[in-house]
Amino acid sequence: MAAISARDIESMAVSICAAHGNEPAELLEILHDVQDALGAVPETALVPIAKALNLGKAEIHGVVSFYHDFRASPPGRVVVKLCEAEACQAMSARALKEAILARYGAKGGAVDIQPVYCLGNCALSPAAEVNGRLHGRLNEDRLVKIIAEALA
Amino acid sequence: MSIVIHIPADSAALSVGADETAEAVAAALQAEGVKARIRRNGSRGLFWLEPLVEIDTGTGRIAYGPVQAEDVPAVLSAALRGQDHPLCHGPTEAIPYLKKQERLTFARVGVIDPLDLAEYELHGGFEGLRRALTMAPEAICAEIQDSGLRGRGGAGFPAGIKWQTVSQQRAERKYVCCNADEGDSGTFADRMIMEGDPFMLLEGMVIAGLGTGAQEGFVYIRSEYPRAISQMKRAVDILRAAGWLGQDIAGTGRVFDIKIRRGAGAYICGEESSMLQSIEGKRGTVRSKPPIPAIQGLFGKPTLVNNVLTLCAAPTILGKGAAFYRDFGMGRSRGTKPFQIAGNVKQGGLVEKAFGVTLRELLEDFGGGTATGRAFRTAQLGGPLGAYVSDDMLDLPMDYEVLAENGAMLGHGGIVVFDESVDMAEQARFAFEFCQIESCGKCTPCRIGAVRGRETVEKIQRGENVAANIALVESLCEVMKDGSLCAMGGLTPMPVLSAIQLFPEDFDRAPRLAAE
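Values in this document were obtained by computation on a predicted structure and should not be read as measured data.

Draft legend 1. The arrangement of the overall build of chain B in detail. Looking only at helices and strands, chain B has 21 helices and 16 strands in total. Principal-axis analysis of the C-alpha atoms gives chain B an extent of 80 × 60 × 40 Å. Look at the contacts in chain B between residues 6 or more apart in sequence, and 73% of them connect residues 24 or more apart.

Here it is in structure tokens:
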């Protein structure tokens, strides 16, 4: 990320907004595109987006901060979205989370463990998404193996 | 005779290795020197059998499952030689789990190649839309009304009245918004449709457009469903290219087009007004009602907001007539409902049945008991805002009114099963915590109530002033129920109070700390 300058971020944000017709109603799509390209919606992208859509920076910040998906800095190398909702709870997701946290630590490391509430895989719980790929029927051994493969 | 092998490409099937199985099938076919066509369908919804491979050697589709990549050579060898195999379940349609269902909405899901337009038409696709194109808007709304269809998202509001209300508005622009923000734990029906039969949803939306006079539609899909999003986008492109969407639908001069919007991980955006805010590119805060969206919705224009399953009922109703659909069900709950059996259950999956089926039939006949084999303790009906039920409620029929009378709700049809190891005080605490995490923050009972509720349940869990704190939680629940703007704060009391009332023993486990 350090390789991308503020100017590059700005021009990328401007061109993404233009691709969406500088349409304020497309703000969520724009933010998703920015995050897909940069791994995050950095603070420096907010002003150019606001200008392009003719909105205030506060409005953009308000939207970015409301939604769980958007983050200000890129995540760790391996993103594990572990489902913590009821159907997974019923299949020992709480114990799975504790075991995974004990092994890989909380945020900040190469493995970024994030809570998520339902991945729509509730008949094959517990479920998790690792680097965008959905997994079901998990247990500690399987998930550790999947994370290890993603780290390799 | 050509051989066809069907392997699901549904997210759930992929999550347990369906792609690897498909690769292994291709390799095994080559090794056997056999030519066969591999087709990727949606899921049949028999998830404990996923990856479910169906092999058709000319005598119909025979089910094998769960088939992991390493099982493929033996399964294929047996299938090609007509030999038995332990993973064989016989003809797919004869599997009791599937045979006992009444699949109207899910008739094609898992059967067809989801993006093959010709196959869609061959299996009854566009029957409803073709008929709707010959009808006046009032007649379309009347047909929906006569069918008795009620909102399948959870609230159960009569769909025909909503359609009529939008239809009667005079405005230069109207919208149809499909709520595909299926955030309830234990639900996956919308996802299965969007991945497994996306044309049906789009057909339903076009019918809704014709009925209400709207010319533009949005499908708001949660970001947790990336495959549903890409599948729906492709389906829109295919229908547009084939002339079923756009400026001249099927050569009739009628106009309707659809855009796909992705959410961004906010549960509250499943609430209709919050979803509209989000489609407008704003924070997903709830709007106060009135005005209702049917009068002032998206961009302030009259807007029909329906759940995926509601819109997907429209092609059946228009195609086969209101009476056909109405003949299913009981009381004021007409038609069929796709139930989703999930959590700690042996045979989790999608069960579409007419209203009136009992919880016991769903959990025991279909579900087959708990996955762990331990005793059943409770099930949560209707997602994180739904009630927990006890053993003696299992014979209740699935019906909007009957469940409401018993302090429960059907919601989106998700049923999450728990075995005896569940701690109901912890589930009550989680209900408040979930509300705290997902509250939009607009109204005080929800924003503050969730935090105070979680703290108070934690005190109960620690054994502090248990009786007084339970009374406090009950009182707080009353405030949240009566004072919240939407169902988030208004229904969080449901799981909490049902847990306290039905499982009081779990709230009195800790040694007493304070003098009471």
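Draft legend 2. Structural detail: the overall build of chain A. Check the secondary structure of chain A and you find seven helices and four strands. Considering only C-alpha atoms, chain A reaches an extent of 50 × 30 × 20 Å along its principal axes. By the burial criterion, 41% of the 152 residues in chain A qualify as buried. If you take every contact in chain A between residues at least 6 apart in sequence, the share linking residues at least 24 apart comes to 65%.

Draft legend 3. Representation of helix α2 (residues 27-38) of chain A. Taking 1.5 Å of rise per residue, the 12 residues of α2 of chain A would be expected to cover 16 Å, and the 16 Å separating its terminal C-alpha atoms lies within 8% of that figure. Residues L27, L28, I30, L31, H32, V34 and L38 of chain A constitute the buried set of α2 of chain A. Taken together, the buried residues of α2 of chain A touch α1 (6-19), α3 (43-53) and α4 (57-66) of chain A together with β8 (257-262) and α12 (272-279) of chain B. Within two residues after α2 of chain A, G39 of chain A carries a phi angle of roughly 85 degrees, on the positive side.

Draft legend 4. Highlighting the pairing of strand β3 (residues 53-56) of chain B. Residues and elements named next belong to chain B. Where burial is concerned, the two faces of β3 agree: the one with V53 and I55 and the one with E54 and D56 are both buried. Relative to strand β4 (residues 61-64), β3 is paired through four bridges, and the arrangement is antiparallel. Bridge pairing in β4 links E54 to A63. The loop that links β3 with its antiparallel partner β4 comprises four residues; one of these, G58, has a positive phi angle of about 120 degrees.

Draft legend 5. The arrangement of helix α21 (residues 493-502) of chain B in detail. All names here are of chain B. Buried residues dominate α21, accounting for eight of its 10 residues. Residues of α21 that are buried: P493, M494, P495, V496, L497, S498, A499 and I500. Turning to α21, the residues buried within the fold contact β14 (376-381), β15 (388-389), α17 (424-438), α18 (444-462), α19 (466-483) and α20 (487-491).

Draft legend 6. Main features of the domain arrangement of chain A. Each assigned domain of chain A is listed with its residue range as follows: domain 1 (6-66) and domain 2 (78-151). Summarising the inter-unit geometry, the C-alpha centres of domain 1 of chain A and domain 2 of chain A are found 30 Å apart.

Draft legend 7. Fine view of the interface of chain B and chain A. Across the boundary between the two partners, chain B contributes 44 residues, which contact 34 residues of chain A. Taken together, the elements giving at least two residues each to the side of chain B that touches chain A come down to α1 (11-15), β8, β12 (336-343) and β16 (414-419) of chain B. Taken together, the residues that form the side of chain B that touches chain A break down as 18 nonpolar, 17 polar and nine charged.

Draft legend 8. Quick look at the environment of Y400 of chain B. Residue and element names in this part refer to chain B. Within the fold, Y400 resides in helix α16 (residues 400-405). With 365 residues separating them in the primary sequence, Y400 and K35 have C-alpha atoms 51 Å apart. For Y400, the residues in contact, after removing those within four places along its chain, are R150, G156, R332, S333 and L410.

Draft legend 9. View of the domain arrangement of chain B. Entries for chain B in the domain assignment read domain 1 (3-99), domain 2 (117-326), domain 3 (329-419) and domain 4 (424-507). Computed over C-alpha atoms only, the centres of domain 2 of chain B and domain 3 of chain B are separated by 26 Å.

Draft legend 10. Here's a closer look at the sheet that holds strand β1 (residues 3-6) of chain B. All names here are of chain B. Taken in spatial order, the five strands of this open sheet run β2-β1-β3-β4-β5, and their pairing is mixed. Edge strands, defined here as strands with exactly one partner in the open sheet, are β2 (36-39) and β5 (88-91). Mean inter-strand twist for the sheet, computed between neighbouring axes without regard to direction, equals 20 degrees. Strand direction decides the pairing type here: β1 and β2, joined by four bridges, are parallel. Counterpart to I3 in the pairing with β2 is A36. Strands β1, β2 and β3 of the sheet are contacted by helix α2 (residues 18-32), whose axis makes an angle of about 175 degrees with β2.

Draft legend 11. Just the sheet that holds β16 of chain B, in detail. Residue and element names in this part refer to chain B. The five strands are arranged β13-β12-β16-β14-β15 in an open sheet whose pairing can be described as mixed. Unpaired on one side and paired on the other, β13 (349-354) and β15 mark the two borders of the sheet. Summarising the sheet, β12 and β13 pair through six bridges and their orientation is antiparallel. Each residue of the ladder has a partner; that of K337, found in β13, is K353. Packing against the sheet, helix α15 (residues 359-366) makes contact with β12, β13, β14, β15 and β16, and its axis sits at approximately 55 degrees to β12.

Draft legend 12. Region of the structure containing the nonpolar core. C177, C178, L201, L202, I221 and I341 of chain B are the most contacted members of the largest nonpolar core, which has 210 residues in total. It is helix α10 (residues 198-212) of chain B that contributes the most residues to this core, nine residues altogether.

Draft legend 13. The arrangement of the packing of α10 of chain B against helix α11 (residues 226-241) of chain B in detail. All names here are of chain B. In contact at an axis separation of 9 Å, α10 and α11 are set at 60 degrees when each is read in the N-to-C sense. By the criterion of interaxial angle, the relationship of α10 to α11 is oblique. The hand of the α10/α11 crossing is right-handed. Of α11, the residues touching α10 (which contributes P198, F199 and L202) are Q231, M232, A235, V236 and L239. Residues belonging to the contact of α10 with α11 are distributed by class as follows: seven nonpolar, one polar and no charged.

Draft legend 14. Representation of the packing of α10 of chain B against helix α13 (residues 308-320) of chain B. Residues and elements named next belong to chain B. Between α10 and α13, the shortest axis-to-axis distance is 8 Å and the interhelical angle comes to 75 degrees. It follows that α10 is roughly perpendicular to α13 by the angle criterion. Of α13, the residues touching α10 (which contributes M200, L201, E203, G204, M205, I207 and A208) are V308, L311, C312, A314, P315 and L318. In terms of residue class, the contact of α10 with α13 is built from 11 nonpolar, one polar and one charged.

Here is what the cut-offs are and how they apply
- Residues numbered from 1 in each chain as written.
- Chains lettered and ligands numbered in written order.
- Predicted model: local features only at pLDDT ≥ 70, side-chain atom pairs only at ≥ 80, totals over all residues.
- Helix = DSSP H or I, 4+ residues; strand = E, 2+ residues; numbered from the N terminus.
- Contact = placed C-beta atoms within 7 Å.
- Buried ≥ 20, exposed ≤ 12 C-beta atoms within 10 Å, placed from the backbone.
- Expected span 1.5 Å × (residues − 1).
- Pairing = 2+ DSSP bridges.
- Domains from an automatic or database assignment.
- Nonpolar A, V, L, I, M, F, W, Y, C, P; charged D, E, K, R; others polar.
- Axes fitted to C-alpha atoms, helices over the stretch in contact; angles between N-to-C directions.
- Core = buried A, V, L, I, M, F, W, Y, C linked by C-beta atoms within 7 Å.
- Parallel < 35°, antiparallel > 145°, perpendicular 65-115°, else oblique.
- Left-handed = near helix turned anticlockwise from the far one by under 90°.

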